[in-house]
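Below, each chain spelled out in residue letters.
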Amino acid sequence: MNIFTRLSPVDLNAICCSSGQFVASTRKLHVGTDGPKSPPAAGAPERLPFSRVTEEDLAFFRKILPGRTITDPDLVESSNVDWLKSMKDFFSPAGSSEVLLRPQKTEEVSQIIRYCNSRNLAVNPQGGNTGLVGGSVPVYDEIILSTSLMNNILSFDSISGILTCQAGCVLENLSLYLEERDYIMPLDLGAKGSCQIGGNVATNAGGLRLLRYGSLHGTVLGLEVVLADGQVLDCLASLRKDNTGYDLKQLFIGSEGTLGVITAVSILCPRKPKSVNVVFLGCETYEQLLKAFQLCRGMLGEILSAFEFLDSECMRLLNTHLKLPNPISDCPFYIVIETSGSDPKHDAEKLHNFLEEAMASSLVSDGTVATEESKIKALWSMRERVTEALTHDGFTYKYDISLPLEQIYQLVIDMRQHLGGRAKSVVGYGHVGDGNLHLNITSSTKDPALLAAIEPFVYEWTASCRGSISAEHGLGLKKRNYIYYSKPSQAVGLMGNIKAMLDPKGILNPYKTLPDDVK
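Because the structure is a prediction, the values reported are computed rather than measured.

Caption draft 1: Quick look at the overall build of the protein chain. Per the secondary structure count, the protein chain includes 18 helices and 16 strands. Relative to its length of 519 residues, the protein chain is compact, with a C-alpha radius of gyration of 23 Å against a globular reference of 24 Å. Taking the principal axes of the C-alpha coordinates as reference, the protein chain spans close to 75 × 55 × 45 Å. Sorting the 519 residues of the protein chain into buried and exposed places 55% on the buried side.

Here's what the structure looks like:
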């Protein structure tokens with residue numbers, strides 16, 4: 001049931017970067033001792049001189065993984081293809097691995113990696129294969145090392161809320177396990193039914209609960225990692241505080257499998273909230289949306305767990321392609337707010353006061369509230385299924401950007417103006433609570449001219465506002481060469497040094513994360 005009556009619309013005030021308008025980035029790219037350089041081209045690099053798999057290699061793998069060394073092309077094919085099926089459009093031939101290995105234990109991973117390192121065989125670690133930047137699939141003929149069978153929960157401490165599990169555990173399965181014990185996972189993703197916790201950690205996935213529980217850099221307490229030489233690094237701690245030396249696990253969180261293969265994770269889990277409410281609101285302007293967020297943080301405080309947004313173009317795609325009806329009247333912007341607490345009466349009162357103030361201040365023009373689980377899922381689907389709706393709209397160019405809150409939607413406006421009629425749709429949605437915009441641009445088919453208009457414009461725009469070109473998806477293959485828009489050359493060079501130290505032959509997930517000019 002709608003809780004508001006329609007308010008008078010207000011004209012959208014343009015929100016720009018600090019200069020008042022967008023201009024090409026003045027931030028120097030790749031500044032080193034030899035001066036600024038342009039980023040390298042974004043296509044696939046040449047194949048590095050790795051060995052190719054022989055019958056002797058297959059015999060070794062079959063010995064340690066009987067029945068779990070897959071060479072049937074039909075069975076291997078799905079692991080060669082990314083979720084969006086975009087890599088084969090990105091370059092050809094993409095993903096031509098002939099071997100899929102499915103270990104169940106850390107020791108098996110160790111033996112595989114040690115052998116591959118000795119033979120100079122490249123390895124592509126793979127979890128649920130839900131990544132969006134080409135980090136989870138082979139570029140050429142790298143051996144695919146799947147963690148899907150490493151799906152055991154090792155322990156759970158019901159007092160501290162610390163869960164220890166293998167890397168191949170599916171996020172949704174972990175959530176169900178914990179909910180039965182009155183706990184929840186500290187992260188929630190649209191791909192939770194397929195993604196695996198090891199891949200989540202390897203990409204430092206953000207998701208819908210980051211506003212409340214923080215990033216994986218804070219909630220992951222320990223990792224078990226197999227290094228490039230086969231050594232098992234056991235940092236699988238279950239301590240909240242441990243200040244003895246360098247915090248090595250942080251190196252592997254967000255490293256996209258380029259420094260080691262994560263085989264087990266220890267993570268701090270919050271208690272399951274006793275009271276959950278979801279509100280779906282409409283705003284006339286992005287400025288009002290930001291004011292609603294400011295009011296929301298102040299009035300909801302500790303019970304605020306998510307603040308998401310989508311624009312009217314997202315709603316159009318949800319209506320058109322997925323037949324999802326708009327739960328409120330049409331608005332330029334929509335907000336999904338979630339509260340999670342321990343006292344239903346207390347939470348309801350705080351939420352009621354916030355909604356009254358938001359309505360009285362004319363920050364929102366319409367809205368609806370859900371407290372029942374089925375209705376909560378229905379409202380969340382308006383945000384979580386945008387990605388699915390986009391896949392039905394055509395070929396999608398996806399950008400995962402971090403920006404100061406005031407600038408988030410101006411990028412969408414400027415991109416529409418910049419592209420004119422060349423794009424089919426330009427939509428914006430994402431996590432207002434942590435400054436993360438998902439900018440998506442569709443065309444009827446793959447369009448190189450459109451891509452050339454989008455890039456590097458989108459990266460220059462982001463750099464001009466001192467944003468990040470990858471908020472939570474990582475760099476993978478697709479964005480590796482654009483890292484200099486967000487990181488100085490000294491930082492990238494240090495990353496290269498760390499990679500060379502931990503993986504001197506470069507066998508772990510080659511061609512990913514680091515730019516081509518870092519060897």
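Caption draft 2: Region of interest: the pairing of strand 5 (residues 153–157). Examined bridge by bridge, strand 5 and strand 6 (residues 162–166) share four bridges and lie antiparallel to one another. Considered in strand 6, the bridge of Ser155 is made with Thr164.

Caption draft 3: Geometry of the domain arrangement of the protein chain. What the domain assignment lists for the protein chain is domain 1 (55–146), domain 2 (153–268) and domain 3 (275–465). Each of domain 1 and domain 3 has a C-alpha centre, and these two points are 36 Å apart. Interface area, domain 1 with domain 3, both sides summed: about 390 Å², of which 77% is carbon and sulfur. Taken together, domain 1 and domain 3 are joined by zero salt bridges. Counting every contact that joins domain 1 to domain 3 gives zero residue pairs in polar contact (both at pLDDT 80 or more).

Caption draft 4: Quick look at the layout of surface pockets. In this model, the second largest pocket occupies a volume close to 640 Å³. Lining the second largest pocket are 27 residues, and of these Gly254, Ser255, Leu475, Met495 and Thr513 lie nearest its centre. Of all the secondary structure elements, the ones that give two or more residues to the lining of the second largest pocket are helix 9 (249–252) and helix 18 (489–502). Considering every element that reaches the lining of the second largest pocket, the biggest residue donor is helix 18, with three residues. Residues belonging to the lining of the second largest pocket are distributed by class as follows: 10 nonpolar, 13 polar and four charged.

Caption draft 5: How the structure looks around the packing of aromatic side chains. Inspection of every chain in the model, using the stated rule, returns 19 aromatic pairs. Between Phe333 and Tyr409, the ring centres sit 4.7 Å apart and the planes meet at 80°, which makes this aromatic pair edge-to-face. With Phe333 in strand 12 (residues 333–341) and Tyr409 in helix 15 (residues 408–419), this residue pair connects regions lying 76 residues apart in the sequence. The buried category is assigned to Tyr409, whose relative accessible area is 5%. Aromatic ring contacts, followed pair by pair, group Tyr286, Phe309, Phe333 and Tyr409 into a single cluster. A cation over an aromatic ring shows up here: Arg181 above the ring of Tyr177, its NZ or CZ 3.7 Å from the ring centre.

Caption draft 6: Highlighting the side chain of Asp311. Looking at the element boundaries, Asp311 is found in strand 11 (residues 304–311). Separated by 2.9 Å, the side chain of Asp311 and the backbone nitrogen of Gly428 make a polar contact. Beyond its immediate stretch of four places on either side in the chain, Asp311 contacts Pro332, Phe333, Tyr334, Tyr409, Val412, Arg416, Val426, Val427 and Gly428.

Caption draft 7: Broad picture of the nonpolar core. Grouped together as the largest cluster of nonpolar side chains are 60 residues, with contacts concentrated most on Ile337, Phe354, Leu439 and Ile441. No other element matches the eight residues that helix 10 (residues 286–300) contributes to this core. Those residues in contact with Phe354 that lie beyond four places of it in its chain are Leu281, Ala292, Leu295, Cys296, Met299, Leu300 and Ile337. Counting 30 residues, the second-largest nonpolar core is a separate cluster that includes Ala167, Leu187, Cys195 and Ile253.

Caption draft 8: Summary view of the sheet that holds strand 13 (residues 366–370). The strand order across the open sheet built from seven strands is 13-10-12-11-15-16-14, with neighbouring strands paired in antiparallel fashion. Both edges of this open sheet fall to strand 13 and strand 14 (395–402), since each of them pairs with a single strand only. For this sheet the average axis-to-axis angle between neighbouring strands, irrespective of direction, equals 15°. Examined bridge by bridge, strand 10 (residues 275–283) and strand 12 share nine bridges and lie antiparallel to one another. Each bridged residue has a counterpart across the sheet, and for Gly282 the counterpart in strand 12 is Tyr334.

Caption draft 9: Spotlight on the environment of Pro510. Within the secondary structure, Pro510 is located in the segment after helix 18. Of the residues examined, Pro510 reaches a relative accessible area of 4% and is grouped as buried. Counting along the chain gives 465 residues from Pro510 to Pro45, while the straight-line C-alpha distance between them is 10.0 Å. Sequence-distant contacts of Pro510, that is, excluding residues within four places in its chain, are made with Phe50, Ala122, Val123, Val139 and Glu142.

Caption draft 10: Spotlight on the sheet that holds strand 8 (residues 232–235). Reading across the sheet, the five strands line up as 5-6-9-7-8 and stay open at both edges, with antiparallel pairing between neighbours. Looking at strand neighbours, the two that pair on one side only are strand 5 and strand 8, the edges of this open sheet. Each strand of the sheet is rotated relative to its neighbour by a mean of 10°, with strand direction disregarded. Pairing of strand 7 (residues 220–226) with strand 8 involves four bridges; the strand directions are antiparallel.

Parameters at a glance
Residues numbered from 1 in each chain as written. Predicted model: local features only at pLDDT ≥ 70, side-chain atom pairs only at ≥ 80, totals over all residues. Heavy atoms only, no water. Helix = DSSP H or I, 4+ residues; strand = E, 2+ residues; numbered from the N terminus. Rg over C-alpha atoms; globule rule 2.2 N^0.38 Å. Buried < 20%, exposed > 50% of the residue type's maximum accessible area, 1.4 Å probe, protein only. Pairing = 2+ DSSP bridges. Domains from an automatic or database assignment. Buried area = accessible area lost by both parts, 1.4 Å probe. Salt bridge = Lys/Arg side-chain N within 4 Å of Asp/Glu carboxyl O. Polar contact = N/O pair within 3.5 Å; in protein donor to acceptor, adjacent residues only side chain to side chain. 1 Å grid on protein atoms, 1.4 Å probe; cavity = no way out; pocket = protein on both sides within 12 Å on 5 of 7 lines; lining within 4 Å. Points joined across faces, edges and corners; volume = space filled by probe spheres on them. Nonpolar A, V, L, I, M, F, W, Y, C, P; charged D, E, K, R; others polar. Phe/Tyr/Trp six-rings, centres within 6.5 Å; stacked < 30°, edge-to-face > 60°. Lys NZ or Arg CZ within 6 Å of the ring centre and 35° of its normal. Contact = heavy atoms within 4.5 Å. Core = buried A, V, L, I, M, F, W, Y, C linked by side-chain atoms within 4.5 Å. Axes fitted to C-alpha atoms, helices over the stretch in contact; angles between N-to-C directions.

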